[in-house]
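Architecture at a glance
Residue-level listing of the chains:
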Amino acid sequence: MSASGGTKAIVAALGANLAIAAAKFVAFAFSGSSSMLAEGVHSVADSGNQGLLLLGGKKAKRAATEEHPFGYGRERYIYGFLVSIVLFTIGGVFALYEGYEKIHDPHELDNWVWPVGVLVFAIIAEGFSFRTAIKESNELRGKQTWPQFVRRAKAPELPVVLLEDFGALVGLVLALGGVGLTLATGNGVWDGIGTMCIGALLVLIALVLAAETKSLLLGEAAGPEQVAKIRAAVADGETVTRVIHMRTLHLGPEELLVAAKVAVQHDDTAKEVADAINAAEARIRAAVPIARVIYLEPDIYHESAAASGDNPAGPAGTVGAA
């Protein structure tokens with residue numbers, strides 16, 4: 001996995017979650033806090049999620065085979081999708097169940113120092129992990145807002161770690177609130193309410209992650225800036241005069257397929273066309289280095305055919321014909 005895959009952020013999150021999970025389970029054993037139990041399971045699930053992301057990055061590096069000629073880059077999307085399922089089933093649903101049970105059978109906390117101390121430690125550790133994820137994301141985010149970055153990122157790891165860490169921090173604050181209100185009122189129902197809130201938060205984050213990784217699995221096109229660079233690189237104004245129609249597809253976060261029908265002069269020789277196509281491919285790779293699989297089909301440009309609208313990216317003639 002390349003640096004852009006957020007390896008540092010994943011490793012930082014994994015280390016933080018393993019330490020936090022152990023501390024939370026110790027606090028639950030001494031205090032009986034359901035918030036602590038839910039948060040402990042949450043941290044275990046997060047640790048498993050980071051393991052899945054690292055495994056997906058490793059499997060994505062496998063070379064292309066005859067059965068999978070475009071390689072295994074989408075493995076990272078598959079494991080990102082699995083993370084959202086794990087977060088939903090293990091983290092969110094368990095927290096909702098545990099909170100429901102605690103509300104129906106509340107009891108006071110024992111040894112309240114343990115859960116409070118562990119929550120403060122966990123907030124510090126998760127803050128460090130979240131800071132690492134933000135730092136790595138800022139290198140790729142550019143001028144995008146955070147919601148835009150999560151929505152448009154082609155590498156699933158950083159958005160996953162960002163949302164996990166954000167959810168963990170909010171969940172810790174909710175757990176601390178539930179424990180604090182339980183101590184203040186002597187009513188264990190507040191601990192259960194805090195646990196239910198944690199579960200609802202995890203389910204919401206899981207649904208967002210599932211929607212985004214599903215879109216990546218279905219296959220997303222290159223971003224507008226990359227498409228513009230590719231279109232500008234194709235035509236040389238001599239042999240290749242324009243792009244008639246073009247498709248792009250991410251085979252993985254860092255591998256792009258480009259397929260286009262390009263216009264050439266009607267009286268060019270086969271050799272001239274072949275040389276022009278090879279030169280256009282070289283220009284595309286120079287402009288967009290992740291464009292590794294390129295198919296260019298030469299054709300004679302006819303305005304009526306270009307306006308027929310065989311490009312699904314937009315209305316007839318608006319995108320296909322330049």
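First, a word on what this report is: a plain description of the structure on this page. (Residues numbered from 1 in each chain as written. Predicted model: local features only at pLDDT ≥ 70, side-chain atom pairs only at ≥ 80, totals over all residues. Heavy atoms only, no water.)

Some words on the pairing of strand 2 (residues 255-264)
Using the following cut-off: Each residue gets one of three labels from its accessible area relative to the maximum for its type: buried under 20%, exposed over 50%, partly exposed in between, using a 1.4 Å probe on protein chains only. Strands are runs of DSSP state E lasting at least 2 residues, helices are runs of H or I lasting at least 4, and numbering of each runs from the N terminus. Paired strands are those between which DSSP finds at least two bridges.
Of all 10 residues that make up strand 2, 8 are buried, and the element is covered over most of its length. When strand 1 (residues 240-252) meets strand 2, the two strands line up antiparallel, connected through 10 bridges. Bridging across to strand 2, Arg247 finds its partner in Ala259. Taking the residues that link successive antiparallel strands as the turn, the strand 1-strand 2 hairpin has 2 residues. By the bridge criterion, 8 bridges tie strand 2 to strand 3 (residues 291-299) in an arrangement that is parallel. Looking at strand 3, one finds that Ala260 is bridged to Leu296.

Points about the sheet that holds strand 2
Applied cut-off: Axis definition: a line fitted to C-alpha atoms, over the contacting stretch in the case of helices. Angles run 0 to 180 degrees between N-to-C directions.
Taken together, the 3 strands give an open sheet; going across it, the order is 1-2-3, and neighbouring strands pair in mixed fashion. Because the sheet does not close on itself, it has two edges, and the strands there are strand 1 and strand 3. Neighbour-to-neighbour, the strand axes of this sheet turn through a mean angle of 15 degrees, independent of strand direction.

Observations concerning the packing of aromatic side chains
The following threshold applies: Only Phe, Tyr and Trp rings are paired, with Trp represented by its six-membered ring, and only when their centres lie within 6.5 Å; those with planes under 30 degrees apart are stacked, over 60 edge-to-face, the remainder tilted. Put simply, a charge is over a ring when the Lys NZ or the Arg CZ is close to the ring centre, within 6 Å, and near the line of the ring normal, within 35 degrees.
Inspection of the entire model under this criterion finds 3 aromatic pairs. With 4.5 Å between their ring centres and 10 degrees between their planes, Phe30 and Trp114 make a pair best called stacked. One end of the pair, Phe30, is in helix 1 (residues 7-31); the other, Trp114, is in helix 4 (residues 113-141), with 84 residues separating them in the sequence. Phe30 gets classed as partly exposed once you look at its relative accessible area, which sits at 41%. Judged by centre distance (6.1 Å) and plane angle (90 degrees), the ring pair of Trp146 and Phe149 falls under edge-to-face. Here Trp146 and its partner Phe149 are both found in helix 5 (residues 146-152), 3 residues apart, which amounts to about one turn of the helix. In this structure, Arg62 packs its charged tip against the face of Tyr72, placed 3.9 Å from the ring centre.

Some points on the environment of Ala260
Inclusion rule: Contact definition: two residues touch when any of their heavy atoms are within 4.5 Å.
With respect to the element layout, Ala260 can be found in strand 2. According to the relative accessible area criterion, Ala260 is buried, its value standing at 8%. Apart from residues lying up to four places away in sequence, Ala260 is in contact with His245, Met246, Tyr295, Leu296 and Glu297.

Section: helix 4
Since there are 3.6 residues in each turn of an α-helix, residues three or four apart along the chain are aligned in direction. Selection criterion: Under the convention used throughout, the expected extent of a helix is 1.5 Å for every residue step, that is, one less than its residue count.
For helix 4, built from 29 residues, the straight-helix expectation of 42 Å at 1.5 Å per residue is met to within 8% by its first-to-last C-alpha distance of 40 Å. Positive backbone phi, at 65 degrees, marks Gly142, one or two positions downstream of helix 4.

Things to note about the packing of helix 2 (residues 34-59) against helix 7 (residues 189-218)
Using the following cut-off: Between 65 and 115 degrees an angle is taken as roughly perpendicular, under 35 as roughly parallel, over 145 as roughly antiparallel, and anywhere else as oblique. Here is the rule for handedness: rotate from the far helix to the near one, and if that takes an anticlockwise turn smaller than a right angle the crossing is left-handed, while a clockwise turn gives right-handed.
At a minimum axis distance of 8 Å, the contact between helix 2 and helix 7 shows a crossing angle of 20 degrees. Between helix 2 and helix 7, the interaxial angle falls into the category roughly parallel. Helix 7 is crossed by helix 2, and the crossing has left-handed handedness. Within the contact between the two elements, helix 2 uses Ser34, Ser35, Ala38, Glu39 and His42 and helix 7 uses Asp191, Gly192, Gly194, Thr195, Ile198 and Leu202.

Such coordinate-based values are descriptive only and should not be taken to indicate function.
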